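Listed here are the chains, written in short residue letters.
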Protein chains: 2
Amino acid sequence: MRLTVFTDYSLRVLLMLAGRGDDLLTIAEVAEFFGISEAHLMKVTHTLGKSGWVETVRGRNGGMRLIVDPESLRLDQIIAYLEGDFALAECFTPANQCRLSGACGLERALAQAGSAFNAALSQHTLASLHRKTPMLRA
Amino acid sequence: MRLTVFTDYSLRVLLMLAGRGDDLLTIAEVAEFFGISEAHLMKVTHTLGKSGWVETVRGRNGGMRLIVDPESLRLDQIIAYLEGDFALAECFTPANQCRLSGACGLERALAQAGSAFNAALSQHTLASLHRKTPMLRA
C-alpha cells in the first residue's frame, strides 16, 4: 500500500512552501533540494495551483507561494485531495460488483482501518509538520 | 491509496475458505461466486499455497483448504503477507534518498497513520470476518 509518487512529491513541495511566507519557491529549488526531476514537479505545481492553497506566478522571476494559513491545512485533507479517492478495494469504488458488498465483515474492517488512518493524519497540519522538520526551518 | 487487485481477490478466497473446514474449494467456484476470472485466481491460489495457511490439492478432484485455525489468522498479518510491504512513501523504502529522512514531521505522521491502519486491522481475524459475512455462512 503506497501513496503515489505524485502525492509524495506534492507533499514535499507543500512542506517547503509552509516555511516560505510570501517568498516565491521555484521548481528548480525543489528539484535541487530533493534531487528529483523538474519534469515531475511541473505536474505537481499545476495541480497545487488548482488546489486553492497555492498561487503560481509565471515568468522569469516566477514561482509559487502558499495563500492559505498552513495551520488550517490538515494532512488528511491534503492527501485526500492529492490521491483523489481512498478506495482500498473494489467495494469502495463506483464500479463495485462484489456480491458480498453491504454485508461483508472484510468490507467493514477495511473501512474502519481507513478511518483510523485518516483520523491519525487529521492530527497534523501543514504548519505542525513543518515545525517538526528542522532542515526546512530557515 | 488502494490494495492491489491481487490482495483483494486473495482476501475473498480466504474468506470463502474460512467457512469450509476440510471441504475443498475450487478456483471455478470462487470465479463463479464473485464473477471474476479464473486466470486471476491461479496466481492467488499459488501464493496462498506458499503462505503456509492453505493446502492445495492438484487434479480433477483438487482444490484448496485452510490448514490453520482462522481464529489465529489476523487481518493485519494477512495483508502484510499479500502486499509485501507497507511503504507509504519513499522514506519507508530501502531505496530512500530523501534528505529530510530521519528528521521529518511528514515521515513521522505517515508512520503513525500506517500504525493506526494496521492496529485497526489487527482487531480482526479471518474467523471474525467470516462470522460477519452472512452469505458465506452455509
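Residues numbered from 1 in each chain as written. Chains lettered and ligands numbered in written order. Predicted model: local features only at pLDDT ≥ 70, side-chain atom pairs only at ≥ 80, totals over all residues. Heavy atoms only, no water.

A.B. asks: What's the story with helix 5 (residues 105-121) of chain B in this structure? I'm lost.
C.D. replies: Each turn of an α-helix holds 3.6 residues, which means side chains three or four residues apart point in the same direction. Helix length check: helix 5 of chain B (17 residues) gives 25 Å between terminal C-alpha atoms against 24 Å at 1.5 Å per residue, within 8%. Of all the residues in helix 5 of chain B, the buried ones are B:Gly105, B:Leu106, B:Glu107, B:Ala109, B:Leu110, B:Ala113, B:Gly114, B:Phe117, B:Ala120 and B:Leu121. (Helix = DSSP H or I, 4+ residues; strand = E, 2+ residues; numbered from the N terminus. Expected span 1.5 Å × (residues − 1). Buried < 20%, exposed > 50% of the residue type's maximum accessible area, 1.4 Å probe, protein only.)

A.B. asks: Could you clarify how one ought to interpret the side chain of A:Ser10 in this entry?
C.D. replies: Residue and element names in this part refer to chain A. With respect to the helices and strands, the residue Ser10 is situated in helix 1 (residues 5-17). Since its relative accessible area comes to 0%, Ser10 is described here as buried. Dropping the residues within four chain positions of it, Ser10 is found in contact with Val44, Leu48 and Leu82. (Contact = heavy atoms within 4.5 Å.)

A.B. asks: Would you mind going over the environment of B:Arg12 with me for this structure?
C.D. replies: Mapped onto the fold, B:Arg12 is located in helix 1 (residues 5-17). C-alpha of B:Arg12 to C-alpha of B:Phe34: the two residues are 22 residues apart in sequence and 8.6 Å apart in space. What B:Arg12 contacts, discounting residues up to four positions off in sequence, is A:Glu90, A:Cys98, B:Phe34 and B:Ile36. Within the structure, B:Arg12 has its side chain in polar contact with the side chain of A:Glu90 (distance 3.0 Å). (Polar contact = N/O pair within 3.5 Å; in protein donor to acceptor, adjacent residues only side chain to side chain.)

A.B. asks: When you look at the interface of chain B and chain A in this model, what are you seeing that I'm missing?
C.D. replies: It is common to give the size of an interface as the accessible area lost on bringing the parts into contact. Taken together, the contacts link 44 residues of chain B with 44 residues of chain A. Our enumeration of links across chain B and chain A arrives at 2 salt bridges. A salt bridge links A:Glu90 to B:Arg12; the nearest nitrogen and oxygen atoms lie 3.0 Å apart. At the junction of chain B with chain A, the criterion picks out 18 residue pairs in polar contact (both at pLDDT 80 or more). Elements that contribute at least two residues to the side of chain B that touches chain A include exactly helix 1, helix 2 (27-34), helix 4 (75-83) and helix 5 of chain B. Per-element tally for the side of chain B that touches chain A: the top contributor is helix 5 of chain B, with 12 residues. Considering only residue class, the side of chain B that touches chain A consists of 29 nonpolar, 6 polar and 9 charged. (Salt bridge = Lys/Arg side-chain N within 4 Å of Asp/Glu carboxyl O. Nonpolar A, V, L, I, M, F, W, Y, C, P; charged D, E, K, R; others polar.)

A.B. asks: Can you help me understand the packing of helix 1 of chain B against helix 2 of chain B in this one?
C.D. replies: All names here are of chain B. For the pair helix 1 and helix 2, interaxial distance at closest approach is 11 Å and the crossing angle is 110°. Judged by the angle between their axes, helix 1 and helix 2 are roughly perpendicular. Taken together, the residues of helix 2 that come into contact with helix 1 (itself represented by Arg12, Val13 and Met16) are Val30, Phe33 and Phe34. For the contact of helix 1 with helix 2, the per-class residue count stands at 5 nonpolar, no polar and 1 charged. (Axes fitted to C-alpha atoms, helices over the stretch in contact; angles between N-to-C directions. Parallel < 35°, antiparallel > 145°, perpendicular 65-115°, else oblique.)

A.B. asks: What is the right way to look at the relation of the copies chain B and chain A in this model?
C.D. replies: Superposing the two chain copies requires a rotation about an axis and a translation along that axis. Expressed as a screw operation, the relation of chain B to chain A combines 0.0 Å of axial shift with a rotation of 180°, fitting to an RMSD of 0.0 Å. Taken together, the turn and the small shift mark the pair as related by a two-fold rotation axis. Closest approach to the rotation axis among the C-alpha atoms of chain B is made by B:Phe117, whose C-alpha sits 2.5 Å away. In this assembly the copies share their binding face: 100% of the residues contributing to the interface of chain B also contribute to that of chain A. (Least-squares fit on C-alpha atoms with pLDDT ≥ 70 in both.)

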